[in-house]
Amino acid sequence: IIFFRIRRTTTNNNMGFLTSMDDSIGKSFIGRFFKFEEKGASFSTEVAGATATFLTMAYILAVNPRILADSGGPCVPNEEDGGIDGPEYGNCLMEINRQYVTATAIGSMV
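Residues numbered from 1 in each chain as written. Predicted model: local features only at pLDDT ≥ 70, side-chain atom pairs only at ≥ 80, totals over all residues. Heavy atoms only, no water.

**Q** Describe the packing of aromatic side chains, and please don't skip the residues or the numbers.
**A** Applying the stated rule across the entire model yields three aromatic pairs. Ring geometry for Phe33 and Phe34: centres 5.0 Å apart, planes at 90 degrees, overall edge-to-face. Taking relative accessible area as the criterion, Phe33 reaches 55% and is therefore assigned exposed. Aromatic side chains Phe34 and Phe36 sit 6.2 Å apart centroid to centroid with 20 degrees between the ring planes, which places their arrangement in the stacked category. Since its relative accessible area comes to 46%, Phe34 is described here as partly exposed. By relative accessible area, which is 9% here, Phe36 ends up buried. Put simply, the rings of Phe29, Phe33, Phe34 and Phe36 pair up and form one aromatic cluster. (Phe/Tyr/Trp six-rings, centres within 6.5 Å; stacked < 30°, edge-to-face > 60°. Buried < 20%, exposed > 50% of the residue type's maximum accessible area, 1.4 Å probe, protein only.)

**Q** Pulling in residues and values, what's your account of the side chain of Ser44?
**A** Counting through the fold element by element, Ser44 comes out in helix H5 (residues 43-70). In this structure the side chain of Ser44 is engaged in a polar contact, spanning 2.8 Å, whose partner is the side chain of Asp22. (Helix = DSSP H or I, 4+ residues; strand = E, 2+ residues; numbered from the N terminus. Polar contact = N/O pair within 3.5 Å; in protein donor to acceptor, adjacent residues only side chain to side chain.)

**Q** Tell me about the state of the cysteines, and please be specific about residues and values.
**A** What the rule picks out here adds up to one disulfide. The disulfide partner of Cys75 is Cys92, and the gap between their sulfur atoms is 1.9 Å. An S-S torsion of about -90 degrees defines the bridge between Cys75 and Cys92 as left-handed. With Cys75 in the loop between H5 and helix H6 (87-109) and Cys92 in helix H6, this pair connects stretches of sequence that are 17 residues apart. Given the relative accessible area of 8%, Cys75 is considered buried. On the basis of relative accessible area, Cys92 is assigned to the partly exposed category, the value being 27%. (Disulfide = S-S within 2.5 Å.)

Everything listed here is a matter of geometry and, on its own, says nothing about what the molecule does.
As structure tokens, this is what we get:
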């Protein structure tokens, strides 16, 4: 959001467009419904915030399960099967990764 505001104040060509767009949407049904004027918000600020939130959640959904799965979770390597390089341990890690992806996705919806 800070980058967006800095860019918005430093470029005159885009500033006119964004201001015009914010004013038009602020006076429309959507602007009145979400009470942009009362809250001191604008459409472009809300879009920037929504984009940042979406990208943050996408990153968390992609990275968090991988970090948890790399910890090994409940998987225990069997030395007779090749230890951490064995197929049984690898299959366990893949299954744990799938479960963590599902759990992270469900947890983020709450």
